[in-house]
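Working through the structure, step by step
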Amino acid sequence: MSENQQQKPITGRIFNIQYFCVHDGPGIRTTVFLKGCPLRCLWCHNPEGIQRRNHLSYNARKCIHCGTCVQVCPAVHKMIDGKHTVNRNACTNKGDCVAACPAKALETVGRDVTVQEIVAEVMREKRYYEGSRGGVTVSGGEPAMQPEFLLDLVREIKKEGVHIALESSGMCDYRVYESVLPYVDLFLYDCKETDPELHKKFTGVDNRLILENLRRLYAARAVILLRCPVVKGLNDREDHFKNLAALSRELPDLMGIEILPYHKLGASKAELMGLDPQEEYEQIPREESDKWTEAVRSFGGQVYAVS
Ligand code: SF4
Ligand code: SF4
């Protein structure tokens, strides 16, 4: 490329930017959610992040069945017996119906952005990062599904001197981690299930590559917090807690293990997106999830204390 040629800005697809987050790493943080995920967790809390493409969300509770969207986009929207229905398979994501809906019942989930746009957005909060020892977290979906965008994003944010956390399912080509390692200060690394068969049952993939990547990342001296979603009736088992404890003994420089109890938010989001209904599991009180944390500790696991 000649010196005069401008490099095309790298574009990625995100589905949210959340400000003032306090559970996605230290301090006050801005979390950027990238679209696309290779897993299909039964309890997925961010189903709007699974598909790579943008997606039409329809909120039946807000809809006043006025029929405006039917006039704007009859291929997708129909009124049947006075009720609004959506055929997302015909949707091209032009967004005309979203703009026309008077009740704000329609929304396009997902937008294409350049790295520069994201950096400008997240840097508006820099004073909060500085005051709280916080920073920016990149999450998803699985951020490694957009490797070029991810690399450019963390490199550009790091130029601003901001702490970066990367939340990842572990399911990716290790070369993606290798590329971002110089810029990422903390990996929030998921360990959803230690039994390979059950991992496949719960997430759609087995955990071999995930554990292999974890060990490689650890050997590369990455700072890693192991985050473990626990769902009552699925993985709140003693053998799983024992295996987690064994993993933390094998990798003693991990920041620790954090138990994340299930919450129901994903089920309602799946409904808005018209995805297959998600089974709702029991949401348990803090005292009960504290017992899970205690169980991991009692088996010799190093637990990350959250206040
Ligand atoms: S890894 Fe995260 S985004 Fe992907 S399916 Fe599981 S919970 Fe959802
Ligand atoms: S335009 Fe909005 S409120 Fe009217 S029928 Fe369509 S989705 Fe419902």
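Residues numbered from 1 in each chain as written. Chains lettered and ligands numbered in written order. Predicted model: local features only at pLDDT ≥ 70, side-chain atom pairs only at ≥ 80, totals over all residues. Heavy atoms only, no water.

Considering the pairing of strand β12 (residues 256-261)
With six bridges connecting them, strand β11 (residues 224-230) and β12 associate as parallel partners. Pairing of arginine 227 across the sheet is with glutamate 258, part of β12. The parallel pair β11 and β12, bridged by helix α9 (residues 238-250), forms a crossover whose chirality is right-handed. (Pairing = 2+ DSSP bridges. Helix = DSSP H or I, 4+ residues; strand = E, 2+ residues; numbered from the N terminus. Right-handed = clockwise from strand over helix to strand, strands pointing away.)

A short note on the side chain of histidine 55
Its place among the elements puts histidine 55 in strand β3 (residues 55-58). At 2.5 Å, the side chain of histidine 55 forms a polar contact with the side chain of glutamine 51. Separated by 2.8 Å, the side chain of histidine 55 and the backbone oxygen of methionine 273 make a polar contact. Excluding residues that lie within four positions of it along the chain, histidine 55 makes contacts with Arg88, Asn93, Glu107, Thr108, Val109, Met273 and Leu275. (Polar contact = N/O pair within 3.5 Å; in protein donor to acceptor, adjacent residues only side chain to side chain. Contact = heavy atoms within 4.5 Å.)

Overview of the site of ligand 1
Ligand 1 sits among Cys37, Leu39, Arg40, Cys41, Cys44, His45, Gly141 and Lys192. Looking at the shell around ligand 1 residue by residue, the classes come out as four nonpolar, two polar and two charged. (Near = heavy atom within 4 Å. Nonpolar A, V, L, I, M, F, W, Y, C, P; charged D, E, K, R; others polar.)

Concerning the layout of surface pockets
Within this model, the second largest pocket holds a volume of roughly 340 Å³. Residue lining of the second largest pocket: 17 residues in total, with Glu48, Ser57, Glu107, Val109 and Leu272 positioned closest to the centre. Breaking the lining of the second largest pocket down by element, the ones donating at least two residues are β1 (11-21), β6 (106-109) and α10 (265-273). With four residues, β6 is the largest single contributor of residues to the lining of the second largest pocket. Taken together, the residues that form the lining of the second largest pocket break down as six nonpolar, five polar and six charged. Counting only domains with at least three residues in the lining of the second largest pocket, you end up with domain 1 (11-52 + 110-298) and domain 2 (55-108). (1 Å grid on protein atoms, 1.4 Å probe; cavity = no way out; pocket = protein on both sides within 12 Å on 5 of 7 lines; lining within 4 Å. Points joined across faces, edges and corners; volume = space filled by probe spheres on them. Domains from an automatic or database assignment.)

Some points on the domain arrangement of the protein chain
Domain annotation for the protein chain reports domain 1 (11-52 + 110-298) and domain 2 (55-108). Here the C-alpha centroids of domain 1 and domain 2 sit 32 Å apart. Tallying the contact residues gives seven residues for domain 1 and eight residues for domain 2. Approximately 630 Å² of surface area, both sides summed, lies buried where domain 1 meets domain 2, with 44% of it carried by carbon and sulfur atoms. (Buried area = accessible area lost by both parts, 1.4 Å probe.)

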